[in-house]
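Each chain, written out:
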Amino acid sequence: MHLTRLMTATAAAALITGAAQAQDAMTPAPSTPSEGVPAAQAGASARASTQVAPAGDIVETVQASGQFTTLVKALEATNLVGLLKDNSNLTVFAPTDAAFAALPAGELDRLMAEENRAELQKLLTYHVVNAVLDGSKIDGAKGPVPTVAGENIEVDGSSDPWMVGQARVTQGDVMADNGVVHVVDKVLMPGAVPAAAAPPAADAAAGADAASTYEPAPPATEAAPTGMESDTSATAPAQASAMQPIPDTPENRAEYGEPLSNAGQNSAPRGN
């Protein structure tokens, strides 16, 4: 119960901070409504299925319809019923029972498990916008809209029917007492709108592999000395000293003998 209350408090905080962003997010896009039909109602025949009628607040409206039993059960499990009853100026993109049934096998049971309640709450609040986005704002507009879950959904009111992510709006503008409900035919999944700058996963993995195996080339160095150069450098001093004349002194004569030339002899300068 403590966990559920904490999650509800987090969702409530998101409701408080998200309204202005939601109001400004949608941007106009070219649209061609049917001649003589108000823009908010353009394509209404394509969106309509079994009609949902307003029946009080948002929760009371979806409960009375009979098409949202799974949604209501999930809201009750995550303690979000009070949140959607006590707050005003909300938009809910409501998946039908058929939309939940279309999830992959076992996914709904997994989400409804006690240990996955936080994930389920994020999924549900991803369907809630903290502003009234009725047909007058959606029709002919297109763009990302921030949700109570903290992630954006892509709303396209320039198509017919309107699209929310990959889901079609099968009925729009069900005006409840505290907001508007748009019926959608698929469950919206958080994370479905990727970041524009994010590289494809395969490219990112390849880049990571390349980075892990890349070895930089060794820095440029002077050419390694050859054996010849080593010998030359080692013998150069000896050769240089051997080429110098040995001074003609009694000590050197005793060691080396008399010089073969006059080099190194100290001779007195001769006069003219």
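Conventions used here
Counting restarts for each chain, with residues numbered from 1 along the sequence as it is written. Restriction of local features to residues with pLDDT of at least 70 applies here, the model being predicted, together with a cutoff of 80 or more for giving and counting side-chain atom pairs; totals for whole chains, interfaces and linings are based on all residues. Calculated side-chain values reflect all of the structure's heavy atoms, with hydrogen atoms and water omitted. The numbering of helices and of strands both runs from the N terminus, where a helix is a DSSP run of H or I of at least 4 residues and a strand a run of E of at least 2. Whether two residues are in contact is decided by their heavy atoms, any of which lying within 4.5 Å being enough. All accessible areas in this document rest on Shrake-Rupley with a 1.4 Å probe, and a residue is counted as covered only by the protein chains that are shown. Working definition: with a 1.4 Å probe on protein chains only, accessible area under 20% of the residue-type maximum means buried, over 50% means exposed, and in between means partly exposed. A pair of strands is considered paired only if DSSP assigns at least 2 bridges between the two. Between Lys or Arg on one side and Asp or Glu on the other, a salt bridge is scored when a side-chain nitrogen of the former is within 4 Å of a carboxyl oxygen of the latter. Working definition of a nonpolar core: buried Ala, Val, Leu, Ile, Met, Phe, Trp, Tyr and Cys residues. They are joined through side-chain atoms within 4.5 Å. pLDDT is a residue-level measure of predictor confidence that goes from 0 to 100.

Draft legend 1. A look at the overall build of the protein. The helix and strand tally for the protein stands at 13 helices and eight strands. When contacts within the protein are restricted to residue pairs at least 6 apart in sequence, those whose partners lie at least 24 apart make up 65%. Of the roughly 16,200 Å² of accessible surface on the protein, 56% is carried by carbon and sulfur atoms.

Draft legend 2. Here's a closer look at unusual backbone geometry. Going from Asp 160 to Pro 161, the amide bond is cis rather than trans, its omega being 5°. Even without a glycine there, the phi angle at Asn 79 is positive, about 60°. Given the relative accessible area of 35%, Asn 79 is considered partly exposed. In this structure, Asn 89 takes a positive phi of about 60° despite not being glycine. Along the chain, Asn 89 falls in the loop between α6 (81–86) and β2 (90–95).

Draft legend 3. Quick peek at the pairing of strand β7 (residues 167–176). Examined bridge by bridge, strand β6 (residues 163–164) and β7 share two bridges and lie antiparallel to one another. For Val 164, the partnering residue across the bridge sits in β7 and is Ala 167. Two successive antiparallel strands, β6 and β7, enclose a turn made up of two residues, where Gly 165 displays a positive phi of approximately 60°. Two elements, β7 and strand β8 (residues 179–184), share five bridges in a ladder whose sense is antiparallel. In the sheet register, Val 174 faces β8, and the bridge partner there is Val 181. The antiparallel pairing of β7 with β8 creates a hairpin that spans two residues between the two strands.

Draft legend 4. Highlighting the pattern of salt bridges. Under the defined criterion, the tally for this structure stands at eight salt bridges. Lys 85 is the salt-bridge partner of Glu 60, the closest N and O atoms lying 3.5 Å from each other. On the criterion of sequence distance, the pair formed by Glu 60 in helix α4 (residues 58–65) and Lys 85 in helix α6 is long-range, its members being 25 residues apart. With a relative accessible area of 33%, Glu 60 lands in the partly exposed category. A salt bridge links Arg 110 to Glu 119; the shortest N-O distance between them is 2.7 Å. When its relative accessible area of 31% is taken as the criterion, Arg 110 is described as partly exposed. It is possible to trace a salt-bridge network through shared partners that takes in Asp 57, Glu 60 and Lys 85.

Draft legend 5. Fine view of the nonpolar core. Core analysis: the biggest nonpolar cluster contains 32 residues, and Phe 68, Leu 71, Leu 75, Leu 84 and Leu 124 have the highest contact counts within it. If you tally residues by element for this core, the top one is helix α5 (residues 69–77), at five residues. Setting aside chain neighbours within four positions, we find Leu 84 in contact with Ile 58, Val 59, Leu 75, Leu 90, Val 92, Val 128 and Asn 178.

Draft legend 6. Representation of α5 within the structure. Among all positions of α5, only Thr 70, Leu 71, Val 72, Ala 74, Leu 75 and Ala 77 are buried. Contact partners of the buried residues in α5: α4, α6, β2, α7 (97–101), α8 (107–112) and α9 (117–125). Looking one or two residues beyond α5, the residue adopting positive phi is Asn 79, at roughly 60°.

Draft legend 7. Focus on the environment of Val 164. Following the sequence through the fold, Val 164 ends up in strand β6. The sequence separation of Val 164 and His 127 amounts to 37 residues, and the corresponding C-alpha distance is 9.7 Å. Those residues within four positions of Val 164 in sequence are excluded, and the remaining contacts are Phe 93, Ile 153, Glu 154, Val 155, Val 169, Val 184 and Leu 188.

Draft legend 8. Looking closely at the environment of Ala 55. Within the element layout of this structure, Ala 55 appears in the loop between α3 (44–47) and α4. Residues Ala 55 and Asp 177, spaced 122 residues apart in sequence, show a C-alpha to C-alpha distance of 8.2 Å.

Draft legend 9. A look at the confidence of the model for the protein. Taken over all residues, the pLDDT of the protein has a mean of 73, while the share at 70 or more is 54%. For the stretch residues 1–10, pLDDT sits under 50, and the model shows nine contacts to residues farther than four places along the chain or on other chains. Segment residues 195–243: pLDDT under 50, and three contacts once partners within four positions in sequence are set aside and those in other chains are kept.

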